[in-house]
Amino acid sequence: MEKNFDINALREILHQNTTQMTGKYTYREIDESSIYSELEDIFIISPQRLREICKVFVKEMEDGLKSDNCTLKMIPSFVTNRPTGKEVGTYLALDLGGTNFRVCEINLEGQSKVRLRAKKFTIPDSAKTADQTVLFDFLAESIAIFIKEYNINTESDINLGFTFSFPVQQTALNKGTILLWNKGFNCANSIGKDVVNLLSEALARKQLKVNVVALVNDTVGTLMSHAYVDPGTCVGVILGTGTNAAYVETIDAIPKWTGGPVKSNEMIINSEWGAFDNERKVLPWTKYDEQQDAAGTNPGKQTFEKMISGMYLGEIVRLVCKDLIDRKILFGGMSSTEMDTPGKFETAYMSRIERDHTAELTDTKMVLQEILKIPYVAPRDRRIVRRICELVAIRAARLAACGVAAVVTKMNRVDSGCTVAIDGSVYEHYPHFDSRMRDALHELFGMFSENVSLQLGKDGSGIGAAVIAALADK
Ligand code: BGC
């Protein structure tokens, strides 16, 4: 929208003339609506901008299919068949890469039925950034605990599918070298090493008879586990701690594939879309995104992911709040150690604030006062924080929808339609995330958006690893 006044100049005039004392806190009497319009200007993405982003997205996907030296890695997963739902067998699966680490026993019963027993483990923060042996020994130890607790028969070797949700250059179904760590992990002595070897060596150190038969990205797992029940599934997406998508591509459309002909003529591609627009050509990057990026462990990387996923959304809100506090627009300029500490404003608080429908926004007050220790939170402050949460989350959902639209466009499925299986805490639990994505899809595709069916693919990553292990057994 065109503006015929300068918001910063207006703010200064208001500040000079009307700074007031409210109790013991100083408030700058700035009209709430002018704060909202400043924030809306930078966070709301117009339909036109969505279309531009989508176009660049498709182009980056095409480039990545041609060469490995592109922004989007477009990694062939070596999964070339989709399941029929008839696959059977019992497999172990490891699921590493989100907030929790899980060991699962998965029983594929055929007829699209699955039984799952799973145990969550919390990875100590120290293991996330130490030498790789610390992390992989922890994984092997967790498997040993699981086998004992669930009385798993280990007389003959057990086959395991390893869902490893970090960028990996895959060279076979059960081989791949680590390209990059993200989401708070950064293990020394691991980049360029084969992740299956690292796990197998740790398993051998514990004398566990487990064969790692498949290395799987969580998006590929989500696609495959959903395809086990719904054969129309062509895309798997994760919107959780991190974000990414995998989809079914035809071999002829992958010029960089040197593996020869494939019977199905299909390959599931792990796009690693979190890296989309690392060059900052088209995304609506703000000064808050810039601050978050500069302070993180991988500056300049995972640009798209940092605007969308659970690891980062709360931090963007905190940075906006900090800015408004410093400008004495919020909380009378009073901050707290918690509000000043990176990572302390969790994405889960945003969900809680957006779910607060009380007239006085009492739960919002609770989060801000009890958890984030802001000394005084006026009703106006609560409304402003709520609006910040909404704007950051709406932007995330619209960008996620843009990614889905680009993948569906690349597959030429806008007319014929497809099922998109989506897993991850943000998609599953964040209020309105799904409907905000659907709205954006509608802006992009009009009535054709009905052809794109977004479906929750719960527990997909672990189950998918088992489905892939079963297909490998065939
Ligand atoms: C990783 C992807 C993963 C996604 C979702 C990203 O940070 O790079 O490999 O699929 O998170 O877990």
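None of the values given here were measured: they were computed from a predicted structure.

(A) Expanded view of the packing of aromatic side chains. Evaluated as defined, the whole model comprises 18 aromatic pairs. Note on F57 and W273: the rings are 5.9 Å apart at their centroids and 70 degrees apart in plane angle, and the pair reads as edge-to-face. In this pair, F57 is assigned in helix α3 (residues 47-66) and W273 in the loop between β13 (266-270) and α8 (287-295), connecting sequence segments 216 residues apart. This pair shows no difference in class: F57 is buried, exactly as W273 is. An aromatic cluster is built from F162, F164, F166, W181 and F185, whose rings are joined through pairwise contacts.

(B) Spatial organisation of the sheet that holds strand β3 (residues 75-76). Strands sit in the order β3-β13-β12-β11-β14-β15 across an open sheet of 6 strands; the sheet is mixed. Strands with a single pairing partner mark the edges of an open sheet, and in this sheet they are β3 and β15 (452-456). As paired elements, strand β14 (residues 418-423) and β15 share 5 bridges and run parallel to each other. Paired with T419 across the two strands is S453, which belongs to β15.

(C) Representation of the packing of helix α12 (residues 347-354) against helix α14 (residues 379-410) within the structure. Two elements in contact, α12 and α14, have axes separated by 9 Å at closest approach and are oriented at 115 degrees. Put simply, α12 runs roughly perpendicular to α14. The crossing of α12 and α14 is left-handed. Contact with α12, carried on its side by M350, I353 and E354, involves V385, R386, C389, E390, V392 and A393 of α14 and no other residues of that element. For the contact of α12 with α14, the residue count by class is 6 nonpolar, no polar and 3 charged.

(D) Here's a closer look at the site of the ligand. Lining the immediate environment of the ligand, one finds 15 residues, of which K183, N217, D218, E272 and E305 sit closest. One nitrogen or oxygen atom from the side chain of K183 is found 2.8 Å from an oxygen atom belonging to the ligand. Here N217 contributes a side-chain N or O atom positioned 2.8 Å from an oxygen atom of the ligand. Compared with its free state, where it exposes 310 Å², the ligand has 99% of that area covered by protein.

(E) Local environment of the packing of α14 against helix α16 (residues 433-445). At a minimum axis distance of 8 Å, the contact between α14 and α16 shows a crossing angle of 50 degrees. The orientation of α14 with respect to α16, classified from their angle, is oblique. Note that α14 runs across α16; the crossing there is right-handed.

(F) Region of interest: the environment of G296. The residue G296 is located in the loop between α8 and α9 (303-308) in this model. G296 sits 60 residues away from G236 along the chain, and the two C-alpha atoms are 27 Å apart.

(G) Structural detail: the domain arrangement of the chain. The domain architecture assigned to the chain consists of domain 1 (28-75 + 230-456) and domain 2 (83-216). Centre-to-centre, using C-alpha coordinates, domain 1 lies 28 Å away from domain 2. When domain 1 packs against domain 2, close to 940 Å² is buried across both sides, 57% of that on carbon and sulfur atoms. Considering only the side of domain 1, the residues that lose the most area to domain 2 are I75, T241 and E272, jointly responsible for 40% of the buried surface there. Counting every contact that joins domain 1 to domain 2 gives 0 salt bridges. Tallied by class, residues from the side of domain 1 that touches domain 2 come to 3 nonpolar, 4 polar and 5 charged.

(H) How the structure looks around the state of the cysteines. Going through the model one piece at a time under the given rule, you end up with 0 disulfides. With no disulfide of its own, C54 lies closest to C402 among cysteine sulfurs, the gap being 5.1 Å.

(I) Region of interest: the pattern of salt bridges. Inspection of every chain in the model, using the stated rule, returns 33 salt bridges. Its salt-bridge partner being R205, residue D137 comes within 2.9 Å of it at the nearest N-O pair. Highlighted residues: D137 in helix α5 (residues 132-149) and R205 in helix α6 (residues 195-205), separated in sequence by 68 residues. What makes D137 partly exposed here is its relative accessible area of 26%.

(J) Here's a closer look at the pairing of β14. The buried fraction of β14 amounts to 6 of the 6 residues, a majority that puts the element mostly inside the structure. Examined bridge by bridge, strand β11 (residues 233-239) and β14 share 5 bridges and lie parallel to one another. Within the sheet, the bridge partner assigned to G236 lies in β14 and is A421.

(K) Layout of the nonpolar core. Among the nonpolar cores identified, the biggest contains 116 residues, and L239, F345, V404, F433 and M437 are the most heavily contacted of them. Residue contributions to this core peak at 18 residues, all from α14. Lining this core are residues from two domains, each supplying at least three of them: domain 1 (28-75 + 230-456) and domain 2 (83-216). Excluding residues that lie within four positions of it along the chain, M437 makes contacts with L239, A397, A400, A401, V404, I422, Y427 and L454. Within the second largest apolar cluster, 37 residues are counted, among which are F101, I152, I158 and F162.

Reading the values: rules and limits
Residues numbered from 1 in each chain as written. Predicted model: local features only at pLDDT ≥ 70, side-chain atom pairs only at ≥ 80, totals over all residues. Heavy atoms only, no water. Phe/Tyr/Trp six-rings, centres within 6.5 Å; stacked < 30°, edge-to-face > 60°. Helix = DSSP H or I, 4+ residues; strand = E, 2+ residues; numbered from the N terminus. Buried < 20%, exposed > 50% of the residue type's maximum accessible area, 1.4 Å probe, protein only. Pairing = 2+ DSSP bridges. Axes fitted to C-alpha atoms, helices over the stretch in contact; angles between N-to-C directions. Parallel < 35°, antiparallel > 145°, perpendicular 65-115°, else oblique. Left-handed = near helix turned anticlockwise from the far one by under 90°. Contact = heavy atoms within 4.5 Å. Nonpolar A, V, L, I, M, F, W, Y, C, P; charged D, E, K, R; others polar. Near = heavy atom within 4 Å. Polar contact = N/O pair within 3.5 Å; in protein donor to acceptor, adjacent residues only side chain to side chain. Areas by Shrake-Rupley, 256 points an atom, 1.4 Å probe, with all protein chains shown as cover. Domains from an automatic or database assignment. Buried area = accessible area lost by both parts, 1.4 Å probe. Salt bridge = Lys/Arg side-chain N within 4 Å of Asp/Glu carboxyl O. Disulfide = S-S within 2.5 Å. Core = buried A, V, L, I, M, F, W, Y, C linked by side-chain atoms within 4.5 Å.

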